[in-house]
Structures are given as structure tokens and as C-alpha cells.
Amino acid sequence: MNRNSTTACYHCNSSKKIMSLVERRELVISSHEQDDFWAGAGMYFWDNMSNARYWYDQKKKHGENPSNIKIAKIYLTYDEENELLDLTDSETIELVENLAQIMKNKDGKDRRIGKIIDEYCKENNCKIVKEAGKYYSRKKPIPKILEGTRITPFIKIIYCLKEGNSDIITKTECVEYKEIES
């Protein structure tokens, strides 16, 4: 195995959970019912600090004490060919789609994408899933500089680190939240 790729990722959560991640590399496995519409079971990370700040602000807005919210920056080092399931790649999506059909042929059941991804990762020893999610906001128009271009701020790159795979975390740190001045 050739761990040839390193990706920096961010996660916002309670101070206790972030410190467990940073100090002991303990994953916070999501148990949200919407995970089946995403990459299934695992711990979710953003590819940039701005998205982590957004969740910090959301937690603060919903009454959490800012001193109890932290952001972690971690580095994942993995074998891009064997440990990454890259759902931004159309050929990889075809592989997952084929597995979904095989699973359906076995028992006649349709499954949500998260369950199919969980099964694919289990069968193929994938440790991390990369996906692009749509985050449209009716409240926020396209920035003027992007009007008429093919660039959009409404697609977010998300990584889902599958449970039991904290061995690909090579570095961790708490990141100080800094308010962005408008």
C-alpha cells in the first residue's frame, strides 16, 4: 500500500469531542438519519475552514456557548487508489451503481446511497469517502463576481472517514476561530 495523498480537513463540534479527536484520534461517528442520503456511517469533515466556521456560527446561533465549540484541523494520509472512494469521479460512481444493482438483484431491495456506500467500503476496505454536496441557499444569491461563470459556491466537498480508520489521521490540531470582518 502506498499512502501517497494527504488531505487537510476540518470538523466543528463540542470542545469535548474535538479534544478527543485531536488528543486521542477518537472519531465522532455521525448517527444522523440523513447519513443515508450522504456517504453513510462515519465522521464527516469539510475541505475548508470556511465551511467549519459556518457550522460554528450555526451552533452559536442555536444557543451553544461559543466557549464550548471548537474546530479541528486534521490531516488524512491515504492510498488514493485503494483507500479512497471518490464520488466526484464518474467511473467510481459507476462501480457503486453496479454494486447497488448486485445488492438489489440478491434480495429485491432498493437501498439509499449511504447504505450502498457503507457496503462498498466494507467490501473494498475503503477508509474515506470524498463527495460533492449541493448546498443551495435562497437567502444567499450567487456572488456578483461569479455571475455568468461556471463557478459556484453551492457545491461543497465533504469527506467521510469510516469508523475504525483513524490510522490514516497523521496530524491533528485545534484551530482558533477568528471572526471574519465583512
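All values reported here derive from a predicted model rather than from experimental measurement. Every residue gets a number counted from 1 within its own chain, in the order that chain's sequence is written. Selection of residues for local features in this predicted model requires a pLDDT of at least 70, selection of side-chain atom pairs for listing and counting requires 80 or more, and totals for whole chains, interfaces and linings are taken over all residues. With hydrogens and water excluded, all non-hydrogen atoms of the structure serve as input to the side-chain values.

**Details of the packing of helix α3 (residues 90-107) against helix α4 (residues 113-124)**
Thinking step 1. Lines fitted to C-alpha atoms define the axes here, with helix axes fitted over just the stretch in contact, and angles between the N-to-C directions of these axes take values from 0 to 180 degrees. Secondary structure elements are defined from DSSP: runs of H or I of at least 4 residues count as helices, runs of E of at least 2 residues count as strands, and each element is numbered from the N terminus. Between α3 and α4, the shortest axis-to-axis distance is 10 Å and the interhelical angle comes to 100°. By the angle class used here, α3 and α4 are roughly perpendicular. Between α3 and α4, the contacting residues are Leu95, Val96, Leu99, Ala100 and Met103 on the first element and Ile113, Ile116, Glu119, Tyr120 and Glu123 on the second.
Thinking step 2. Ten residues, namely Ala, Val, Leu, Ile, Met, Phe, Trp, Tyr, Cys and Pro, are considered nonpolar, four, namely Asp, Glu, Lys and Arg, are considered charged, and the remaining ones, Gly among them, are considered polar. Considering only residue class, the contact of α3 with α4 consists of eight nonpolar, no polar and two charged. Any angle from 65 to 115 degrees is called roughly perpendicular, while one under 35 is roughly parallel, one over 145 is roughly antiparallel, and all others are oblique. Whether two residues are in contact is decided by their heavy atoms: any pair within 4.5 Å suffices.

**A word on the nonpolar core**
Thinking step 1. Grouping buried Ala, Val, Leu, Ile, Met, Phe, Trp, Tyr and Cys residues that are joined through side-chain atoms within 4.5 Å yields what is termed a nonpolar core. Here's how the labels work: a residue is buried when its accessible area is under 20% of the maximum for its type, exposed when over 50%, partly exposed in between, all with a 1.4 Å probe on protein chains only. Residues Leu21, Phe45, Ile74, Leu76, Ile128 and Leu161 are the most contacted members of the largest nonpolar core, which totals 18 residues.
Thinking step 2. Contributions of two or more residues to this core are made by α1 (15-24), β2 (43-46), β3 (69-78) and β6 (155-161).
Thinking step 3. The greatest single-element share of this core, amounting to four residues, is contributed by β3.
Thinking step 4. Among the nonpolar cores identified, the runner-up in size contains 16 residues, and Ala39, Met103, Ile116 and Cys121 belong to it.

**What to know about helix α2 (residues 49-61)**
Thinking step 1. To estimate how far a helix should extend, the number of its residues minus one is multiplied by 1.5 Å. With 13 residues, α2 extends 18 Å between its outermost C-alpha atoms, agreeing within 8% with the 18 Å of an ideal straight helix rising 1.5 Å per residue.
Thinking step 2. Of the residues making up α2, those classed as buried are Met49, Asn51, Ala52, Arg53, Tyr56 and Gln58.
Thinking step 3. Under the rule applied, a polar contact is a pair of N or O atoms within 3.5 Å (in protein, one hydrogen donor and one hydrogen acceptor; residues adjacent in sequence only if both atoms are side-chain atoms). A side-chain oxygen of the first residue of α2 lies 3.1 Å from the backbone nitrogen of Ser50; this N-cap is Asn48.
Thinking step 4. Looking one or two places after α2, you find Gly63, whose phi comes out positive at around 100°.

**A word on the environment of Arg3**
Thinking step 1. Mapped onto the secondary structure, Arg3 falls in the segment before β1 (5-14).
Thinking step 2. In the structure, Arg3 is positioned 165 residues away from Ile168 in sequence and 8.7 Å away in space, judged by C-alpha atoms.
Thinking step 3. Contacts of Arg3, omitting those with residues within four sequence positions, involve Thr77, Tyr78, Asp79, Glu83, Lys127, Asp167 and Ile168.
Thinking step 4. A polar contact is formed between the side chain of Arg3 and the side chain of Glu83, at a distance of 2.8 Å.
Thinking step 5. A polar contact is formed between the side chain of Arg3 and the side chain of Asp167, at a distance of 3.0 Å.

**Side note on the pairing of β6**
Thinking step 1. Counting buried residues in β6 gives five out of seven residues, a clear majority hidden from the surface.
Thinking step 2. One requirement defines pairing of two strands: DSSP has to find at least two bridges between them. As defined by bridge partners, β2 adjoins β6 across four bridges and the pair is classed as antiparallel. The partner of Phe45 across the bridge, within β6, is Tyr159.
Thinking step 3. Pairing of strand β5 (residues 128-134) with β6 involves seven bridges; the strand directions are antiparallel.

Honestly, it's all geometry; don't read function into it.
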